[in-house]
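A structural walkthrough
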Amino acid sequence: MMKKLIAGNWKMNGSLAANDKLLKDILAGMGQATCEVAVGVPAVYLAQCQILLAGTSIDLASQDISAQESGAYTGEISGAMLKEFGVRYAIVGHSERRQYHGETDEVVACKAQRALKCGITPIVCVGETLAEREAGKTDEVVKRQLAAVIHTNGHCISEVVVAYEPVWAIGTGKTATPEMAQQVHAVLRAQLKAASEHADCIKLLYGGSMNAANAAQLLAQPDIDGGLIGGAALKAQDFLTIIAAAA
Ligand SMILES: O=C(CO)COP(=O)(O)O
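All of these numbers come straight from a predicted model, not from anything done at the bench. (Residues numbered from 1 in each chain as written. Predicted model: local features only at pLDDT ≥ 70, side-chain atom pairs only at ≥ 80, totals over all residues. Heavy atoms only, no water.)

A few words on the overall build of the protein chain. Along the backbone of the protein chain there are 10 helices and eight strands. When the backbone C-alpha atoms are referred to their principal axes, the protein chain occupies close to 45 × 45 × 35 Å. For the protein chain, the residues scored as buried account for 51% of the 247 residues in total. A separation of at least 24 residues holds for 72% of the contacts in the protein chain among residues at least 6 apart in sequence. For the protein chain, the exposed area adds up to about 11,100 Å²; of that, 54% sits on carbon and sulfur atoms. Both charge centroids of the protein chain, one from 21 positive and one from 25 negative side chains, sit 2 Å from each other. (Helix = DSSP H or I, 4+ residues; strand = E, 2+ residues; numbered from the N terminus. Buried < 20%, exposed > 50% of the residue type's maximum accessible area, 1.4 Å probe, protein only. Contact = heavy atoms within 4.5 Å. Areas by Shrake-Rupley, 256 points an atom, 1.4 Å probe, with all protein chains shown as cover. Lys, Arg positive; Asp, Glu negative; His and termini not counted. Charge placed at Lys NZ, Arg CZ, Asp CG, Glu CD.)

Next comes the structure, spelled out in structure tokens:
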């Protein structure tokens, strides 16, 4: 059976002192985790976290990656640069980037492609807004978002991780029920199956108010292969409880 992946997304949180404490507390409490674990840290802290995580079983993730290779793109960070800091995963297409930075499905697909070219596994986020869910458009929206990534990446699609993050569940305390999440994950799995014979090996994460109390039920669903965790990833004990639930 494929190992689950529990990935924290710290978003724009942390400080040198807070990161140091958080990672040391997680490492001290983790023991031999039987799932894969990663933390997505702000870019300025990659160097710090690379040192703290060296030789441990926690992988480093970036929260974004440039779609460009190099050059005159002020403020952007390339895949090659991320690689130098030991980044294994890059979160791409998070709804906050789509919403606040105007990232389109095509841009997200190009970022995923750039990550793969650099040997970084993209964690591609998809998810519907509340209005889209209420309009009965959930499947249509997530399929459109994923289709762009499949179209651009061809057979390499088997190397991505997909995260279903309903926008209305992010940071709101409103989690999708395990059944609701599973339903969308099954739709995504079917779409991936049509594109790749390796679809059963593609990790599908759930994200959106996953926490210590609800993780076990969500992670028990057949098509939920892990979690992308925001708020609860900032508290060592909560994150450790989620990691234990994924064992
Ligand atoms: O956006 C998320 C992870 O990428 C989820 O955030 P919360 O866990 O804080 O809802």
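Back to the write-up after that little detour.
Quick look at the site of the ligand now. Every residue close to the ligand is listed here: Asn 9, Lys 11, His 94, Glu 165, Ala 169, Ile 170, Gly 171, Gly 208, Ser 209, Leu 228, Gly 230 and Gly 231. The separation between an oxygen atom of the ligand and a polar side-chain atom of His 94 is 2.7 Å. Contact between the ligand and Glu 165: an oxygen atom at 2.9 Å from a side-chain N or O atom of the residue. Alone, the ligand offers 310 Å² of accessible surface; in the complex the protein occludes 95% of this. According to the grid-proximity analysis, the pocket containing the ligand is the second largest pocket. Partitioned by chemical class, the residues of the shell around the ligand number three nonpolar, seven polar and two charged. (Near = heavy atom within 4 Å. Polar contact = N/O pair within 3.5 Å; in protein donor to acceptor, adjacent residues only side chain to side chain. 1 Å grid on protein atoms, 1.4 Å probe; cavity = no way out; pocket = protein on both sides within 12 Å on 5 of 7 lines; lining within 4 Å. Sits in = over half its atoms within 2 Å of the grid points. Nonpolar A, V, L, I, M, F, W, Y, C, P; charged D, E, K, R; others polar.)

Here, the residues flagged by UniProt with the feature "binding site: substrate" (unreviewed entry) are Asn 9, Trp 10, Lys 11, Gly 171, Ser 209, Gly 230 and Gly 231. Taken along the chain, the residues just named run across 223 residues; in space they keep tight, none of their C-alpha pairs more than 13.8 Å apart. None of the other annotated residues line the largest pocket; only Asn 9 and Lys 11 do. Mapped onto the secondary structure, Lys 11 falls in the loop between β1 (5-9) and α1 (16-30). Relative accessible area serves as the criterion here: at 21%, Lys 11 is assigned to the partly exposed category. (UniProt positions renumbered as here; feature names shortened; annotations may be inferred.)

Another point: helix α5 (residues 105-117). Under the 1.5 Å per step criterion, the end-to-end length of α5 is 18 Å for 13 residues, consistent within 8% with the ideal 18 Å. Structurally, α5 contributes buried residues whose contacts are with β4 (87-92), α4 (95-100), β5 (121-126) and α7 (138-153). Looking one or two residues past α5, Gly 119 carries a phi angle of roughly 80°, positive in sign. (Expected span 1.5 Å × (residues − 1).)

In this section: the layout of surface pockets. There is about 550 Å³ of room inside the largest pocket. Contributing to the lining of the largest pocket are 22 residues, with Pro 42, Ala 43, Gln 63, Asp 64 and Arg 97 lying nearest its centre. Considering each element in turn, the lining of the largest pocket owes the most residues, three residues, to α4. Per-class residue counts for the lining of the largest pocket are 10 nonpolar, seven polar and five charged. Its volume calculated, the second largest pocket comes out at about 240 Å³. (Points joined across faces, edges and corners; volume = space filled by probe spheres on them.)

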